[in-house]
Amino acid sequence: MVTKKAQYIKKQVRKAGIIGLGSYLPKKVLTNADLEKMVDTSHEWIMTRTGIAERRIADPKEVTSDLAAHAAKQALRSAKLAPEDVELIILATITPDMQFPATSCFVQTKIGAANAACFDINAACSGFIHGLVIAQQFIASGTYDNVLVIGVELLSRFVDWKDRSTCVLFGDGAGAAVVAPVKSGGIISSYLGADGNKSDLLMFPAGGSRMPASHKTVSEGMHYLKMQGNDVFKYAVRVMADAAHKAMKRAGLAPKDIDCVIPHQANIRIIEAVIQRVGVPMEKVFVNVDRYGNMSAASAIVALCEAVNEGRVKKGDTVLLVAFGSGFVWGSCIIKW
Ligand code: ACO
């Protein structure tokens, strides 16, 4: 006879895996040639420094929760679940519909997930990995069976289209994953880190309690994204490589055991430098930064979705996700597909 305590322990060690994926990219494509007409830049500069050729821009009528709802509906279809089956929505974004309520609540209504608890998380470009790790805890503890994790950004409304050092880098998009108990495989290790001392290097300075919105903040463009790109670059390379190694160590794996790496898609030079330090060949790395630019919390999940659809991630593969963003925060995760 299985005692109540034994049942609880069994539930506590449940494995969590991804059973459905979805993504949504707005139709409008903004090319480097388009940007040449807007700021003093060139296709050559953007390609050499970042590897970005184009990015997607949301329609003026679309808001963050619309992008997220499209991706979420697709993920539920692929998991063969009804919206009512969702018990928790974790939405990662730095570009919410508004300061509050949480964007996940708007998504709940838009997809009809009436039985779901909802909250947003802010872990910038690492938001999807943070969301996945939180979902894993709820599954492992037996609290929930079906958790929807969404990474979404509408960065085009938060970048200064007159600032060539940032506006060429970012794009809009959304991705979603259904996380549920799995019998084998699933998430086998993860690692999360942060360094709040570096918070000033990448932020939206105005609009919060430190610098409330005013005529002055708007006229000085302080509500737009500000970044010390060079310092961010160096830090990102070091900690992403370290996070990848830590997740591999926790899983008892070596670089040769990894079949596909899904890195945060900020800049091809960052990806190449990280991958060199991780010790995995570039052929095993999925890259789509050329088509979408940096979509912050949406980057890793959109890339994972495309890698699976294109057959780059197959059943039984070992996948390494690694990301870094404002905070600074970073995270990595290894999934047996
Ligand atoms: N077109 C032409 N010239 C430009 C442009 C542009 N779009 N942008 C900047 N420049 C100029 C600069 O003005 C500078 O000129 P100067 O030497 O005359 O002063 C020169 O190019 C070099 O500028 P740098 O900033 O030193 O260029 P760098 O090689 O560092 O590349 C970049 C800049 C692409 C932003 C890089 O630093 C980077 O990718 N950083 C990391 C970004 C990132 O990973 N963010 C992740 C987190 S994002 C998040 O959390 C939301």
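1. Considering the pattern of salt bridges
- In this structure the tally under the stated criterion is 8 salt bridges.
- In this structure, D145 engages R14 in a salt bridge whose closest nitrogen and oxygen atoms are separated by 2.8 Å. In this pair, D145 sits in the loop between α6 (127-140) and β6 (147-154) while R14 sits in the loop between α1 (4-12) and β1 (15-24), placing the two residues 131 residues apart along the sequence.
- For D145, a relative accessible area of 34% puts it in the partly exposed group.
- A salt bridge links R164 to D40; the nearest nitrogen and oxygen atoms lie 3.7 Å apart. Of the two residues, R164 sits in helix α7 (residues 164-167) while D40 sits in the loop between α2 (32-36) and α3 (43-50), which places them 124 residues apart along the sequence.

2. Focus on the domain arrangement of the protein
- In terms of domains, the protein is made up of domain 1 (4-183) and domain 2 (188-336).
- The centre of domain 1, based on its C-alpha atoms, is set 14 Å off from the matching centre of domain 2.
- Counting residues at the interface gives 47 residues for domain 1, matched by 41 residues for domain 2.
- Together, the buried faces of domain 1 and domain 2 total about 3,500 Å²; carbon and sulfur atoms form 70% of this surface.
- Three residues stand out in domain 1 for area buried against domain 2, namely L21, C125 and I129, and they jointly supply 18% of the buried area on that side.
- Counting the contacts that link domain 1 with domain 2 gives 0 salt bridges.

3. A short note on the environment of A251
- Along the chain, A251 falls in helix α9 (residues 229-251).
- Residues A251 and S190, 61 residues apart in the sequence, show an inter-C-alpha distance of 8.3 Å.

Calculation notes
Residues numbered from 1 in each chain as written. Predicted model: local features only at pLDDT ≥ 70, side-chain atom pairs only at ≥ 80, totals over all residues. Heavy atoms only, no water. Salt bridge = Lys/Arg side-chain N within 4 Å of Asp/Glu carboxyl O. Helix = DSSP H or I, 4+ residues; strand = E, 2+ residues; numbered from the N terminus. Buried < 20%, exposed > 50% of the residue type's maximum accessible area, 1.4 Å probe, protein only. Domains from an automatic or database assignment. Contact = heavy atoms within 4.5 Å. Buried area = accessible area lost by both parts, 1.4 Å probe.

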